Amino acid sequence: MKKEILHHFYKKSYAEKIEALYRAEAISKEDYESLKNETLKLSPSVANQMIENYILNYEFPFGVAMNFVIDEKECLIPMVTEEPSVVAAASNAGKIIGQSGGFQTEMKKRLMIGQIALTDVLDVKVATKNIQENKEKIIDLANAAHPSILNYGGGAQRVEVRLVEADAKFDTPEFLVVHLIVDTGEAMGANIVNTMAEAVAPFIVELSGGSRLMNILSNYSTESIATARCIVHPKYLATKTMNGELVRDRIIEATQFALADTYRAVTHNKGIMNGIDAVLLATGNDWRAVEAGAHAYASKDGQYRSLSRWSKDNEGNLVGEMKLPLSIGSVGGTLSIHPSAQFAYRLLDQPSAAELSRILVAVGLAQNLAALRALVTEGIQKGHMSLQARSLAIRVGATGKNIERVATRLQNAEHMNSKTAQKILDDLSKNDL
Ligand code: NDP
């Protein structure tokens, strides 16, 4: 990629941006033409097959975050989001982290968990023993139910038995739960795991003597944890009014606050998910699955806490770390049919599911740094205001050049609201007559 061509990308017009992506060799000639001709959109005929009672395509903006260096590779991050500032903030933090060497990421394994939940098991010890003695047979049955996954190098790998004890406080009975742990190859694997879990359930019922309550994938993907880490020199954190060391220390304090206080932790993690969801959406992945898993992971010790950790190393650098369970895929699902999602993959240089998981955690950590840096320095509103002003201008009816004209005046107005925006637009229209 010829990075220098993308310099000041945000200042370019829409046509110049697409041109620059092509000239920088970030996209192919074919994608360049498709973007120009707007042919990467979901067609109504495909959309009609995706959901029931389809009547309309609901569009969101697709942007590109710049400056990311992940495992020494420069990458452009596709983001689909309706929230102003998300792409700019990611690019900004990408630059700060990139200047310090970028992200180091890791994913040791990527396995999905299917649950077969049993009730009314008369003798849990006997049932557990029977299931454990038949693990190989259960694995064979699972693989026979979805044999094609073996061709992709995956398949059912392990069987584990868990007892979820009865709890009088919630009036919940005892559950015996069998976990089927599956390598789903490049797929997110919901369909693969659900097919396998359904196939092994009758045998597990027979072995346990219990009743089957359900069999389904768990989105608490604790066997698919990706990690991202970055080390930032404080000089890159400095603002016009604060030196880098002070910003670093305040970011660490802000994280301590989000570790200690759930009210703060929820918003802290929402900021992280701003970035992750945008990439999930762009790549056609199931963001609800990742959201649910991430929030459960944030509560793993019994209290909902910050997903990220920011600390200081011996050299005085700011060190960021984040681990996240991720149930995502690089094949199947929406990706197999949505042209914009397929484009997002090409923009990312066709990552594997594990590589995409690592990118997602890095983006979340960058988004977090951008939010924390803004919060502990000038506050979050300043950065939001220019985009907010443009939204307000459009909301009151400004079009074309008037959007920028209204937005600029709005930012200097005493109150930035729709009434002021309307007045500015009316004044401009009168003057134009
Ligand atoms: P798909 O069934 O769409 O994709 C998996 C299929 O892709 C495989 O069965 C295989 O089919 C094919 N494939 C091609 N290449 C590979 C490869 N290298 N590795 C593995 N498979 C490959 O989707 P998933 O099973 O991944 O399920 C994801 C979808 O399920 C998402 O849309 C999600 O929203 C939805 N879902 C989620 C649930 C949850 O999260 N709890 C529950 C239910 C559904 P073949 O053998 O035919 O080539």
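As a convention, each chain's residues are numbered from 1 in the sequence order in which they are written. Only residues with pLDDT of 70 or above have their local features reported here, since the model is predicted, and side-chain atom pairs are shown and tallied only from 80 upward, although totals for entire chains, interfaces and linings are computed over all residues. With hydrogens and water excluded, all non-hydrogen atoms of the structure serve as input to the side-chain values.

Cut-off, in case you're wondering: UniProt positions are given in the numbering used here, feature names are shortened, and annotations may be inferred rather than shown by experiment.
Under an unreviewed UniProt entry, the name given to the protein chain is 3-hydroxy-3-methylglutaryl coenzyme A reductase, and the organism recorded is Candidatus Atopostipes pullistercoris. Taken directly from UniProt, the Sequence similarities (unreviewed entry) text for the protein chain runs: "Belongs to the HMG-CoA reductase family." For the protein chain, the Pathway (unreviewed entry) comment in UniProt is given as "Metabolic intermediate metabolism; (R)-mevalonate degradation; (S)-3-hydroxy-3-methylglutaryl-CoA from (R)-mevalonate: step 1/1."

### A few points about the overall build of the protein chain
Our working rule: The helix count covers DSSP runs of H or I at least four residues long, the strand count covers runs of E at least two residues long, and both are numbered beginning at the N terminus. Relative accessibility under 20% of the residue-type maximum defines a buried residue, over 50% an exposed one, and the middle range a partly exposed one, all with a 1.4 Å probe and only protein chains included. We call two residues in contact whenever any of their non-hydrogen atoms come within 4.5 Å of each other.
Secondary structure summary: the protein chain contains 16 helices and 10 strands in total. By principal-axis analysis of the C-alpha atoms, the protein chain measures approximately 85 × 55 × 45 Å. Here the protein chain, with 433 residues, has 46% of them falling under the buried criterion. Within the protein chain, contacts between residues separated by at least 24 positions form 70% of all contacts whose residues are at least 6 apart in sequence.

### Section: the sheet that holds strand 6 (residues 175-183)
Heads up, the rule is: In short, DSSP must find at least two bridges between two strands for them to pair. What counts as an axis is a line fitted to C-alpha atoms, over the stretch in contact for a helix, and the angles between N-to-C directions run from 0 to 180 degrees.
Strand order in the open sheet formed by four strands is 5-6-4-7, with antiparallel pairing between adjacent strands. The open sheet has two free edges, formed respectively by strand 5 (155-164) and strand 7 (211-218), since each of these has just one partner strand. Across this sheet, the average inter-strand angle for adjacent strands is 20°, counted without regard to direction. Looking at chain direction, strand 5 and strand 6 are connected through nine bridges and run antiparallel. What sits directly across from Leu-163, in strand 6, is Leu-176. Helix 8 (residues 190-208) rests against strand 4 (112-119), strand 5, strand 6 and strand 7 of the sheet, and its axis sits at about 155° to strand 7.

### Examining helix 6 (residues 135-145)
This is how the line gets drawn: For this quantity, the arc is that covered by the directions from the helix axis to the C-beta atoms.
For helix 6, the full list of buried residues reads Ile-138, Ile-139, Ala-142 and Asn-143. Taken around the axis of helix 6, the buried residues stretch over an arc of 130°, which confines them to a single face. More than 90 degrees from the buried face of helix 6, the exposed residues found are Glu-136 and Ala-144. Turning to helix 6, the residues buried within the fold contact helix 5 (124-133), helix 7 (148-151), strand 5, strand 6 and helix 8.

### Quick look at the site of the ligand
Counted only if it meets this: If even one non-hydrogen atom of a residue comes within 4 Å of a molecule or strand, that residue is called near it. N or O atoms within 3.5 Å of each other form a polar contact, as long as, within protein, one can give a hydrogen and the other can take it, and as long as residues adjacent in sequence are counted only when both atoms are side-chain atoms. Reported accessibility uses the Shrake-Rupley method at a 1.4 Å probe radius. Residues are deemed covered only where the shown protein chains occlude them. Under this grouping Gly is polar, as are all residues other than the nonpolar Ala, Val, Leu, Ile, Met, Phe, Trp, Tyr, Cys and Pro and the charged Asp, Glu, Lys and Arg.
Around the ligand there are 21 residues in total, and Ser-148, Tyr-152, Gly-189, Asp-286 and Gly-333 lie nearest to it. In the environment of the ligand, an oxygen atom lies 2.5 Å from a nitrogen or oxygen atom belonging to the side chain of Tyr-152. Between Met-188 and the ligand, the recorded distance is 3.1 Å, taken from a backbone N or O atom to an oxygen atom. The protein chains hide 68% of the 940 Å² of surface that the ligand would expose on its own. Mapped by element, the contributors of at least two residues to the shell around the ligand are helix 7 and helix 8. With four residues, helix 8 is the single largest residue contributor to the shell around the ligand. By residue class, the composition of the shell around the ligand is nine nonpolar, 10 polar and two charged.

### Digging into the nonpolar core
Threshold: Here, nonpolar core means buried Ala, Val, Leu, Ile, Met, Phe, Trp, Tyr and Cys residues that are tied together by side-chain atoms lying within 4.5 Å of each other.
Core analysis: the largest hydrophobic core is formed by 59 residues, its most contacted members being Phe-68, Ile-77, Met-79, Phe-103, Ile-251, Ile-276 and Leu-369. Residue contacts for Ile-77: discarding those within four places in its chain leaves Gly-63, Val-64, Ala-65, Phe-68, Ile-70, Val-279, Leu-348, Ile-359 and Val-363. Ranked by size, the runner-up nonpolar core spans 31 residues in total, among them Met-112, Ile-139, Ala-142 and Val-200.

### Topic: the side chain of Ser-34
Tracing the backbone through its elements, the reader meets Ser-34 in helix 2 (residues 29-36). Beyond its immediate chain neighbours, meaning those up to four positions away, Ser-34 contacts Thr-39 and Leu-40.

### Some remarks on the environment of Ala-90
Following the sequence through the fold, Ala-90 ends up in helix 4 (residues 86-99). Taking the C-alpha atoms as reference points, Ala-90 and Leu-365, separated by 275 residues in sequence, lie 9.2 Å from one another. Not counting the four nearest positions on each side in its chain, Ala-90 is found in contact with Ala-65, Phe-68, Met-79 and Gln-367.

### Some remarks on the packing of aromatic side chains
To describe a pair of aromatic rings, you give the distance between the ring centres and the angle between the ring planes. Using the following cut-off: Ring pairs shown here join Phe, Tyr and Trp side chains whose ring centres sit within 6.5 Å, with only the six-membered ring taken for Trp; geometry is labelled stacked below 30 degrees between planes, edge-to-face above 60, and tilted in between. By definition, being over a ring means that NZ of Lys or CZ of Arg is both within 6 Å of the ring centre and within 35 degrees of the ring normal.
Under the definition given, this model contains four aromatic pairs. Here the aromatic rings of Phe-62 and Phe-343 are separated by 5.6 Å at their centres, their planes lie at 45°, and the arrangement is tilted. Taken together, the residues Phe-62 in strand 1 (residues 62-70) and Phe-343 in helix 12 (residues 339-347) connect sequence positions 281 residues apart. Judged by its relative accessible area of 30%, Phe-62 is partly exposed. Over the aromatic face of Trp-287 sits the side chain of Arg-288, whose NZ or CZ is 4.2 Å from the ring centroid. Directly above the ring of Tyr-297 sits Lys-300, whose terminal nitrogen or CZ lies 4.4 Å from the centroid.

### Remarks on the packing of helix 4 against helix 13 (residues 353-376)
In a pair of packed helices, the angle between the axes and the distance between the axes together describe the arrangement. Stated precisely, the cut-off is as follows: Roughly parallel covers angles under 35 degrees, roughly antiparallel covers those over 145, roughly perpendicular covers 65 to 115, and oblique covers all other angles.
Contact pair helix 4 / helix 13: the axes reach a minimum separation of 8 Å and the direction vectors enclose 95°. Comparing their axes, helix 13 and helix 4 come out roughly perpendicular. Taken together, the residues of helix 13 that come into contact with helix 4 (itself represented by Val-86, Ala-89, Ala-90, Asn-92, Ala-93, Ile-96 and Ile-97) are Ala-366, Gln-367, Leu-369, Ala-370 and Arg-373. Each residue belonging to the contact of helix 4 with helix 13 can be placed in one class, and the counts come to nine nonpolar, two polar and one charged.

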